[in-house]
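# Working through the structure, step by step
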Amino acid sequence: GGNQGNQGGGGGQWQRQQGPQIGQGGLKRADNKWSKEKKEDALSKTKLAIMAILNKMTPQTFDKLSKQLVEIEVESSEILDMIITSIFEKVLGEPHFSELYASLCLAISDHNATWPFIKTIKVVNDKGTKYFWLQDIEKDEEFVGPFADKLACLDKFTTFRSASGDTDATSIPTVSKPGLNLIELVYHDEHLIKMYQGPDDDQFYFSALPFEAPAEDGLFDSEDAALKEAHRRVSFKRLLLNKCQEEFEKNNVLEEVEKQFAAVDTKSMSEREMDAHKEDKEMALIKTKKRMLGNITFIGELYKKQMLRDRIMHFCIMRLLGLVSMDAEGQLYTDGSGQPTLLKDDTIETDDESTESLCKLIATIGRQLESDPRAMKLGSFYIPQYFGVLERLSKDRTQPSRIRFMVTDLLELRDNDYVPRRKQDKAMTKEQSGSRPRSTTTSRSSRPWATPTRAAVGAAAARAAAAG
């Protein structure tokens, strides 16, 4: 039996992945209003607890509050998504705390290697024993039993099916038995059998619901293999990166805001209403741009915490520059000498905001990206080409002066080994603000490849222009 197919992609792109899962309430016999309200109340209280912690979090309170957040019980995928979404929205609204929130995400990811809401299901048939996994399996409120052991539960189920001809086994007489613990899940005869046991006795109970098992390639040879795949695909890091990718891939966000406000009929507005409309539009544009730059800064900080590999950084940089490294078949583009090269991709739209995001990203990660011992070898070919394009952009008089100056500042930052000449807007602890240690920059000679001179960068720009 094979393992579930790996959907991880090539080409350095992010790949959002979903495992087999069931919807909330997908295994319940009937909707229980009281149970639903109780669940919603618990989620609401958890949300309040999460936001109370995040709203108080500063560099000074980080150690204490991060421990509190890490220790919140993640009993469902809803709670996990709630934590991730809450942190993500906070970091987009407070970009100067990006490093702090990246540290928080690292702490949560390191602390939670497994989730209690992920369960394995044993499949026993004529081909042997296999396993698959599901998440968010809710406990039942009515059961069949009691029985002396788990095998007796299965025998009862099979006997009832044979005697009654019941195709879905939902009419088996049940009893209410509060306090039972879910101990095992078995797929048997096209049904999901949930085994329960009382806390203070040796008696067993079960419930059964019609269920379609995954295809053969979704089954695993062992329970450990199924759990490993489940926790890989429902890891905190993967779900967080899905959020970052979704935000990163939003196209023309500022243009969409412009269109939204342009669609409003302003002919009948008074002068005061027009002023308010313009002010609302300006605030919406500022907020949207803040989210965009906050996300790209956060991505960079996650990379610096080693939650992202350099290949993702290269993908982001290429996307923001409108460049591509390989063809549709995944073959690398090369120049006349056979060296990897980048080509302009006309299908990727770039604008001033793309360039601003690029400058923000490289300013955040540039030093580490150029000295990363884990870096992919292709980086030594691509990084000089990035800066070749940027050098050409800084001299392009058709570009707005704001963009040219921004790019020039980035080039000068790199010339200074990524040490800012001006104080950065960054959250610091009292100790950091009171005593700044002397910078320990990585010299150019210690980078995995020689940093090109401005002349060499100019030559690279010329080659990129010719390629485009």
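This write-up is about the structure you can find in this document.

### A closer look at unusual backbone geometry
Cis geometry marks the peptide bond from Gly145 to Pro146; its omega dihedral reads 10°. As for its placement among the helices and strands, Pro146 is situated in strand β3 (residues 142–147). Even without being a glycine, Asp189 presents a positive backbone phi close to 55°. Within the secondary structure, Asp189 sits in the loop between β5 (181–188) and β6 (191–197). Phi is positive for Asp417, close to 55°, though the residue is something other than glycine. Structurally, Asp417 is set in the loop between α13 (401–415) and α14 (430–434).

### So, helix α4 (residues 98–111)
With 14 residues, α4 should cover 20 Å at 1.5 Å per step; its first-to-last C-alpha distance of 20 Å lies within 8% of that length. Of the positions making up α4, those classed as buried are Ser98, Leu100, Tyr101, Ala102, Leu104, Cys105, Ile108 and Ser109.

### Quick notes on the pairing of strand β2 (residues 128–135)
The element β2 is largely enclosed, with a buried count of six among its eight residues. In terms of strand pairing, strand β1 (residues 118–125) meets β2 through eight bridges, oriented antiparallel. Within β2, the residue paired with Lys122 across the bridge is Tyr131. Remark: two residues form the turn of the hairpin made by β1 and β2, two consecutive strands paired antiparallel.

### Some remarks on a negative patch on the surface
There is a patch of like negative charges on the surface, built from Glu271, Asp275, Glu279 and Asp280. By the element assignment, Asp275 lies in helix α9 (residues 271–304). Residue classification places Asp275 among the partly exposed residues on the basis of a relative accessible area of 45%.

### Regarding the pairing of strand β7 (residues 204–210)
Counting buried positions along β7 gives six out of seven residues, so the element sits mostly inside the fold. Sheet topology places β3 next to β7; two bridges connect them, and they run antiparallel. Following the sheet pairing, Val144 is matched in β7 by Phe206. With seven bridges joining them, β6 and β7 adopt antiparallel strand pairing. By the bridge assignment for β7, Leu192 is matched with Leu209. Counting the residues that bridge the hairpin from β6 to β7 gives six residues.

### So, the environment of Gln203
Positionally, Gln203 belongs in the loop between β6 and β7. When its relative accessible area of 35% is taken as the criterion, Gln203 is described as partly exposed. Residues Gln203 and Phe147, spaced 56 residues apart in sequence, show a C-alpha to C-alpha distance of 5.6 Å. Dropping the residues within four chain positions of it, Gln203 is found in contact with Pro146, Phe147, Tyr196, Gln197 and Gly198.

### A short note on the state of the cysteines
The full count for this structure, using the stated rule, is zero disulfides. Just so you know, Cys244 is unpaired, no disulfide at all, and the nearest cysteine sulfur is the one on Cys105, 7.9 Å from it. On the basis of relative accessible area, Cys244 is assigned to the buried category, the value being 0%.

### A short note on the sheet that holds β5
For sheets, the rule is that strands pair by backbone hydrogen bonds, running either parallel or antiparallel. The strand order across the open sheet built from seven strands is β2-β1-β5-β6-β7-β3-β4, with neighbouring strands paired in mixed fashion. Bordering the open sheet on either side are β2 and β4 (175–176), each of which pairs with just one other strand.

### Topic: the environment of Thr297
Summarising the element assignment, Thr297 is placed in helix α9. Taking relative accessible area as the criterion, Thr297 reaches 8% and is therefore assigned buried. Sequence separation between Thr297 and Leu92 is 205 residues; the distance between their C-alpha atoms is 9.1 Å. The contacts of Thr297, once residues within four sequence positions are left out, are Pro95, Ser98, Lys360 and Thr364.

### Observations concerning the pattern of salt bridges
It is possible for side chains of opposite charge to pair when their charged atoms get near one another. Tallied over the entire structure, the rule returns 17 salt bridges. A salt bridge links Glu94 to Lys90; its shortest N-O distance comes to 3.1 Å. Given the relative accessible area of 13%, Lys90 is considered buried. Close ionic contact of Lys130 with Asp221 constitutes a salt bridge, the shortest N to O distance being 2.6 Å.

### Topic: helix α2 (residues 62–70)
Of all the positions in α2, only Phe62, Leu65, Ser66, Leu69 and Val70 are classed as buried. Viewed end-on, α2 has its buried residues packed into an arc of 140°, placing them on one side of the element. In α2, those exposed residues whose orientation departs by more than 90 degrees from the buried face are Asp63, Lys64 and Lys67.

### Things to note about the side chain of Lys130
Along the chain, Lys130 turns up in strand β2. Its relative accessible area of 10% is what places Lys130 among the buried residues. Within the structure, the side chain of Lys130 is placed 2.6 Å from the side chain of Asp221, a separation counted as a polar contact.

Parameters at a glance
Residues numbered from 1 in each chain as written. Predicted model: local features only at pLDDT ≥ 70, side-chain atom pairs only at ≥ 80, totals over all residues. Heavy atoms only, no water. Helix = DSSP H or I, 4+ residues; strand = E, 2+ residues; numbered from the N terminus. Expected span 1.5 Å × (residues − 1). Buried < 20%, exposed > 50% of the residue type's maximum accessible area, 1.4 Å probe, protein only. Pairing = 2+ DSSP bridges. Patch = residues over 30% accessible without salt bridge, like charges linked within 9 Å, V, L, I, M, F, W, Y side chains within 5 Å. Areas by Shrake-Rupley, 256 points an atom, 1.4 Å probe, with all protein chains shown as cover. Salt bridge = Lys/Arg side-chain N within 4 Å of Asp/Glu carboxyl O. Lys, Arg positive; Asp, Glu negative; His and termini not counted. Charge placed at Lys NZ, Arg CZ, Asp CG, Glu CD. Contact = heavy atoms within 4.5 Å. Disulfide = S-S within 2.5 Å. Arc of directions from axis to C-beta. Polar contact = N/O pair within 3.5 Å; in protein donor to acceptor, adjacent residues only side chain to side chain.

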